[in-house]
Amino acid sequence: MGPLRFRLLLLVGALFFALTAALGRKPIISTTPQPGALALVSHGSPVANILVSNDDWPGVIRAAHDLSADFGRVTGHNMTLVTGGKCEKTAIIVGTIGNSSLIDALIAAKKIDVKGIKGKREVFQTQLVKNPTAGVAEALVVAGTDKRGCIFGIYEVSEQIGVSPWYYWADVAPRKAANIYALNTQLLSPEPSIKYRGIFLNDEQPALTGWVNANFPRGEWGPGYQREFYSRVFELLLRLKANFMWPAMWDSMFAVDDTMNQQTADMYGIVMGTSHTEPLQMSTKEWNTFGNGSWDYSSNSANIHKYWEKGVERAKPWENMWTIGMRGNGDNYLGNNLLTELLEKVVSDQRGILKDKLGVADVSTVPQVWCLYKDIQAYYEAGMRVPEDVILLWTDDNWGNIRRLPVPSEPNAAGVYYHFDFVGPPRDWKWINTVSLQKTWEQMHLSYQRNAREIWVVNVGDLKPLELPIDYFLNLAYDFAQWGPANKVHTYEQAWAAREFGASHADEIAEIVSLYGFYAARRKYELVDPSSYSLINYHEAATVLDEWKALAARADAVHAQLPAAQKPAFFETVLHPANAAYALHDIHISAAKNILWAQQRRTSANALAEYVLRRFGDDHDLTRAYHGLLGGKWNHMMDQPHLGYMYWQQPMRNTLPPLAWTQLQDPGLAGHMGVAVEGSNGTVPGDDYYNAAEYSNNTLVLPPLDPYAPVPYRTIEVFSRGTEPFHFNITPENPWVHVSPSTGYVHPADPATDATVKVSVDWARAPAGHSIAFIDIASTAGYGDFSAPSVHLPVHNSAVPASFHGFVESNQQLSMAASHATRNTSTGDAYYATIPRLGRTGDAVTLFPVTAASQSPASGPRLEFDIFTFTVPGHPGANVTLHLNAALNFIPHRPLRYALAFDGADPRIVQFVPDAENPLDMPPGWDRAVADGNVWKSTTTHPLARAGEATLKVWALEPGVVIQKVVVDLGGVADSYLGPPESVVV
Ligand SMILES: *[C@@H]1O[C@H](CO)[C@@H](O)[C@H](O)[C@H]1NC(C)=O
Ligand SMILES: *[C@@H]1O[C@H](CO)[C@@H](O)[C@H](O)[C@H]1NC(C)=O
């Protein structure tokens, strides 16, 4: 091997390493020798010790034990941890500046210089030091500015030697290595971007609670949410460099279920709070179990006051984030009207309790948060204020759309409470992951840039099925400079895949999880039902199902190639969700088809019903496979019912949607052949529901076809509707119409012989303008009481001038992705940015920077779509529908608006998220918008006097307006969920 090739290999190795080291961080570890590097593991055995001072934080010493075991995970041999006494010649020295005699001695001897990090919060520095201490020739020194800084440094080494933060919670296989070196380099970690960042375990039944009860002793008062369980969660959070948590609260009491829980959190280094509805470290269940009287501060303040005092006294020794304020019991409205005076008294009394019980001179030094969840936000908007030292925690609408963000005139520091899981109306979403990381980036980027940086806490339900979104959210919160200012979602997905599964499959896995988030965000699984996607228009249901099928196949293919050790993690984070989502969609879409086919009296309706039953079995098998994994490690984690929702709350058991069967013993009244066409639910002969008025008509009409149809053919289906097999013959009466296949043999015993026939037109030969083509369909088995059926195809042979470039009308409609606009006119202060896969059918476009001022059509940038129409719409004109992301009016007095105009017409300005009618509630139409995959559809009508070329102009007038697509209806738009497929561009 020549020296150049060798160098190239080294370079490739370094790049490979940079990708797998730790998410987004500079490599400090290598598995190949490098100049100046220090060997930590050689030939499979550790050749260094871990050195930590006895006087360091117990939480640091505990994390150092994890590092010792992490070397064991990677090499098979734990690295010896030394807290005093004799040490090997090389070492990893870890410690907290000012709290570790080891580290402080190194600083005093000027062997390390920590000026660059001193005084910063949760920061660490790593480097090699020669002769750091007596008997040690060289060491990798990890110094933290404080307890968590040091712990993060320790876990940085763990991640870089090959132990994923998810080694336990997602069974990510440690990356085995026989040689490990510490590079001769210095790493200064960034100060975390968000001060308090963490998760909320919530709605944790049946899955997480079932698992907890099966694995940990139950407590006196309920489920086993005790210290062994929480230790696992705290460790995960610290490995993810998070520091904050709200504990499970549905049926548990953090401080009571295990009286060591609070102390354990503190020892680990996690700052505990209680959820937004549980003030002063007292859980809701505590009041319901031990409280005296009603949860009503207007009538029972003395008892509630005493109860809160207890919470403060109890949590006093530990690091806390104190939730203040009050909501109704059970996370309900405090009152039907604003009770502002009462809530102000609550806050003032709570601060009094904090001051007294903590014995502080100045209560503003105590970390406090007021969460403006649901109705509580209305108090703020109505003018209620809390002292400036209290953090305001703004929230999303439970569906990932931030309701409100700080404005510069507000003095309080701010944060965000976000949801990756939710229980409540319009529908629970709590089964498996449905989070779009693109959406998460868009909303959290907005939050960060608009100064909500003090707390980010995300509701993660059962924790387990949300590994990827949790990892992303906490990385974004820890190092926003790395992941946040520009959209790096896909880079992150690749880095995540490389860390968890190695570089060789990383790109494919990253693409799978990216597509997964894109598809899943279209509609929460709990809201998918047989009516969700159109069976008859735009091939919509079939397209959606094909996408899931292809995705599951890609996941299966990767799974087959992975080594056995990596399969469990892949199953949990990629394979199971892809296959479970595919099965769920298959069940609903195939059930819908079964009902339609039975209405069409198809023989194969019955086989389809059997197929749905099999898929119902597959759904259960997937659950069982999850539960059986690794000897039952995750039993109960998929206990969540997800099929059979009737209203917002979960069904108590999985149930199939209705199915229908056809009588197959006797022939029907209309022969053995049935014919159906796209765009219609009817069938001929007879049973033409679509044209019920013309029951005896034997003709079906296809949707019109023209040269610019996004799908350049129409489909006819020929199927068995009786007991005899038959040959069919399809004969177009016009020589310029083609059908394929034109003949076939259909057998009632074999559903696969039902035929789909494509009808297309030879446009060079077809007559110009409008005409109707006739297609005759003959069967060898007769037509019962009817005559031979036929199909009509309206044809419009049109042409745009060669000089035109842009979108072309087809069948009285246009559909255009905002990201495909013909032009956009970005100005100096504001411009359009494309966010990949943020729309339901593709990319979306938004106005940047998100701190931009309000725009006007006169000066703001616009998107322009050059279009060509053939149809002059009747009065009152063309309906133009924008599909916009379900954002909310998050800046006071600056509602989200867009403007729209054809050519030189006056722009029409539209506020598409209405104002709420009642300040306690969400805006009208919100339920529909979030249920429909987080999309507002906003329609305006515009006169169009003539056909031909036109330019449609669209302005986003506020940051936060995210445009997915624009649909122009000139009379032809048919019902569908996602809208018409995109128009042809010439
Ligand atoms: C390595 O450390 C872990 C965690 O402390 C421990 O469970 C395990 O038994 C140790 N392995 C060996 C070989 O000592
Ligand atoms: C068939 O489709 C038409 C038009 O969309 C609709 O009005 C009718 O209710 C449908 N009939 C059945 C039986 O689904």
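Refer to the structure above for everything that follows.
An account of the accompanying structure is given in this report. (Residues numbered from 1 in each chain as written. Chains lettered and ligands numbered in written order. Predicted model: local features only at pLDDT ≥ 70, side-chain atom pairs only at ≥ 80, totals over all residues. Heavy atoms only, no water.)

### Let's talk about the sheet that holds strand E23 (residues 737-740)
Turning to step 1, where the next piece is worked out: Read from one edge to the other, the open sheet built from four strands follows the order E19-E21-E25-E23, with strand pairing classed as antiparallel. Strands with a single pairing partner mark the edges of an open sheet, and in this sheet they are strand E19 (673-677) and E23. For this sheet, the mean angle separating the axes of adjacent strands, direction not counted, is 25 degrees.
Turning to step 2, where the next piece is worked out: Two strands pair when backbone bridges link them, and E23 and strand E25 (residues 755-761) are joined in this way by four bridges, in the antiparallel orientation. Within the sheet, the bridge partner assigned to Val739 lies in E25 and is Val759. (Pairing = 2+ DSSP bridges. Helix = DSSP H or I, 4+ residues; strand = E, 2+ residues; numbered from the N terminus. Axes fitted to C-alpha atoms, helices over the stretch in contact; angles between N-to-C directions.)

### Points about the nonpolar core
Turning to step 1, where the next piece is worked out: Of all hydrophobic cores here, the largest spans 253 residues; its most connected members are Leu40, Trp169, Ile199, Phe229 and Trp370.
Turning to step 2, where the next piece is worked out: If one sorts the elements of this core by residue count, helix H19 (residues 567-599) sits on top with 14 residues. (Core = buried A, V, L, I, M, F, W, Y, C linked by side-chain atoms within 4.5 Å. Buried < 20%, exposed > 50% of the residue type's maximum accessible area, 1.4 Å probe, protein only.)

### Digging into the packing of H19 against helix H20 (residues 605-632)
Turning to step 1, where the next piece is worked out: Between H19 and H20, the shortest axis-to-axis distance is 9 Å and the interhelical angle comes to 160 degrees. Relative to H20, the element H19 lies roughly antiparallel. By crossing handedness, the relation of H19 to H20 is classed as left-handed.
Turning to step 2, where the next piece is worked out: Classifying every residue of the contact of H19 with H20 by side-chain character gives 20 nonpolar, four polar and five charged. (Parallel < 35°, antiparallel > 145°, perpendicular 65-115°, else oblique. Left-handed = near helix turned anticlockwise from the far one by under 90°. Nonpolar A, V, L, I, M, F, W, Y, C, P; charged D, E, K, R; others polar.)

### Section: the site of ligand 2
Turning to step 1, where the next piece is worked out: In the neighbourhood of ligand 2, the contacting residues comprise Gln599, Asn681, Tyr689 and Tyr690.
Turning to step 2, where the next piece is worked out: In this structure, Asn681 approaches ligand 2 through a side-chain N or O atom, which is 2.3 Å from an oxygen atom.
Turning to step 3, where the next piece is worked out: For ligand 2, whose free accessible area comes to 360 Å², the fraction covered by protein is 45%.
Turning to step 4, where the next piece is worked out: For the shell around ligand 2, the class distribution of residues is two nonpolar, two polar and no charged. (Near = heavy atom within 4 Å. Polar contact = N/O pair within 3.5 Å; in protein donor to acceptor, adjacent residues only side chain to side chain. Areas by Shrake-Rupley, 256 points an atom, 1.4 Å probe, with all protein chains shown as cover.)

### Remarks on helix H8 (residues 261-268)
Turning to step 1, where the next piece is worked out: Of all eight residues in H8, six are buried, a share of seventy percent or more.
Turning to step 2, where the next piece is worked out: The set of residues buried in H8 consists of Asn261, Gln262, Thr264, Ala265, Asp266 and Tyr268.
Turning to step 3, where the next piece is worked out: Where H8 is buried, its residues contact helix H2 (58-75), helix H4 (147-161), helix H6 (227-239), helix H7 (254-257), strand E13 (271-272) and helix H10 (301-315). (Contact = heavy atoms within 4.5 Å.)

### A look at the layout of surface pockets
Turning to step 1, where the next piece is worked out: In this model, the largest pocket occupies a volume close to 920 Å³.
Turning to step 2, where the next piece is worked out: Ala542, Lys593, Trp597, Glu717 and Thr756 are the residues nearest the centre of the largest pocket, which is lined by 34 residues in total.
Turning to step 3, where the next piece is worked out: For the lining of the largest pocket, the secondary structure elements donating two or more residues are helix H18 (540-561), H19, H20, E19, strand E21 (714-720) and E25.
Turning to step 4, where the next piece is worked out: By residue number, the principal contributor to the lining of the largest pocket is H19, which donates seven residues.
Turning to step 5, where the next piece is worked out: In the lining of the largest pocket, the residues fall into 18 nonpolar, seven polar and nine charged.
Turning to step 6, where the next piece is worked out: Volume-wise, the second largest pocket comes out at about 730 Å³.
Turning to step 7, where the next piece is worked out: Considering the residues around the second largest pocket, the lining is formed by 41 residues, among which Pro703, Pro704, Arg714, Asn811 and Gln813 are closest to the centre.
Turning to step 8, where the next piece is worked out: Breaking the lining of the second largest pocket down by element, the ones donating at least two residues are strand E20 (699-701), strand E26 (769-779), strand E27 (790-797) and strand E29 (813-817). (1 Å grid on protein atoms, 1.4 Å probe; cavity = no way out; pocket = protein on both sides within 12 Å on 5 of 7 lines; lining within 4 Å. Points joined across faces, edges and corners; volume = space filled by probe spheres on them.)

### A closer look at the packing of aromatic side chains
Turning to step 1, where the next piece is worked out: Scanning all chains against the criterion turns up 56 aromatic pairs.
Turning to step 2, where the next piece is worked out: Relative to Trp429, the ring of Trp399 lies with its centre 5.7 Å away and its plane at 40 degrees, an arrangement referred to as tilted. Taken as a pair, Trp399 in the loop between strand E16 (391-395) and strand E17 (414-419) and Trp429 in the loop between E17 and helix H13 (437-449) lie far apart in primary sequence, 30 residues in all. For the pair Trp399 and Trp429, one class covers both residues: buried. (Phe/Tyr/Trp six-rings, centres within 6.5 Å; stacked < 30°, edge-to-face > 60°.)

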